[in-house]
Amino acid sequence: MKKIVLFLLAGTLASTTWAQDNPTPKSPTAKKDKQAARKERINNLIKLEEEGEIIFNKQNVFGIKLNTDGYGLSYEVGRFKSARVANIFQLEINEKKHKKERRTSLQNGFNFNSVIYGKLNNFYQVKLSAGQQRIIGGKGNKNGVGVMAVYTGGLSVGLQKPYYVDVVDQSDQRYRKTYPTISDSNYLELGASGFTVGWSEVKPKFGLTAKGALRFDYGRFNETVSAIEVGLNAEYYVQKVAQMAYNPEKNFFFNAYITLLLGRRK
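- With an unreviewed UniProt entry as reference, the protein is termed Outer membrane protein beta-barrel domain-containing protein, source organism Niastella soli.

Here you go:
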């Protein structure tokens, strides 16, 4: 009896090992069923596009932003309340430029540098805002463009960093100075000191921000976000911001912008 049991166990083990090493090939029918399911899914996505409906729970979107007074990056998380309305939360990092900034190239021997004459400070922004995205025009077909209204408001923290310039005096001594000291003391500019210089002297500026925009989604399927956003943005800071020498400091900023948006919906 013991020999019979051992024989059966050995046979079972051998058959299991053989089955693992030699899996049953997928049948042509299973492959066709998989292709048919994929085709049906694509057709359903196209149908949803044509109806202008977005049947998803959330979206994550990255943006590259060009402002009339600077540039920046953004990240957005959206949670859909319905097929046409989503609550959105955004993080933005921008650098704001003054309209009178002009970068000038300098050549000192074999060194090529640049400087912005009269620039007092770099002004960076970190903005946190919340709002809504609302579909106002669905896509007429799979190659159409969906139109959405976007409006947000929130907090903005500005970072005012001194703009240092490498200079030499009449005795050829080298220093790092800022405007208007450079102009008043007749220093010769060698070039901007660089991004890493001046962070120990940053002054924070606290304010509020709001924006309104139209978003044009040209992606083929609703599960991807491929869009252009065009809008207006306003910011107000409690403390005045100084950007250029011999120009008034400002509390209020207003600009237009365009953003390229790429992301996914789930």
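Now that the structure has been shown, we can carry on.
1. A look at the sheet that holds strand β10 (residues 188-192)
Thinking step 1. As summarised here, the arrangement of the three strands in space is β9-β8-β10, forming an open sheet in which the pairing is antiparallel. Two strands in the sheet have a free side with no partner beyond their single neighbour: β9 (174-177) and β10. Direction aside, neighbouring strands of the sheet carry axes that sit 30° apart on average.
Thinking step 2. Where strand β8 (residues 165-168) meets β9, four bridges bridge the pair, whose relative direction is antiparallel. Among the inter-strand pairings, V167 is bridged to a residue of β9, identified as Y175.

2. Concerning the sheet that holds strand β13 (residues 250-265)
Thinking step 1. With antiparallel pairing, eight strands are arranged side by side around a closed barrel as β1-β2-β3-β6-β7-β11-β12-β13. Between one strand axis and the next, the sheet turns through 25° on average, direction left out of account.
Thinking step 2. Where strand β3 (residues 85-96) meets strand β6 (residues 121-137), twelve bridges bridge the pair, whose relative direction is antiparallel. Across the sheet, residue L91 finds its bridge partner in β6, namely L128.

3. Comments concerning the environment of D166
Thinking step 1. Residue position: D166 is located in strand β8.
Thinking step 2. On the accessibility criterion, D166 (11% relative accessible area) is buried.
Thinking step 3. Between the alpha carbons of D166 and Y187 there is a distance of 9.4 Å; along the sequence they are 21 residues apart.
Thinking step 4. Excluding residues within four positions of it along the chain, D166 makes contact with R174, Y175, R176, L188, E189, L190, G191, A192 and S193.
Thinking step 5. Within the structure, D166 has its side chain in polar contact with the side chain of R176 (distance 3.0 Å).

Calculation rules
Residues numbered from 1 in each chain as written. Predicted model: local features only at pLDDT ≥ 70, side-chain atom pairs only at ≥ 80, totals over all residues. Heavy atoms only, no water. Pairing = 2+ DSSP bridges. Helix = DSSP H or I, 4+ residues; strand = E, 2+ residues; numbered from the N terminus. Axes fitted to C-alpha atoms, helices over the stretch in contact; angles between N-to-C directions. Buried < 20%, exposed > 50% of the residue type's maximum accessible area, 1.4 Å probe, protein only. Contact = heavy atoms within 4.5 Å. Polar contact = N/O pair within 3.5 Å; in protein donor to acceptor, adjacent residues only side chain to side chain.

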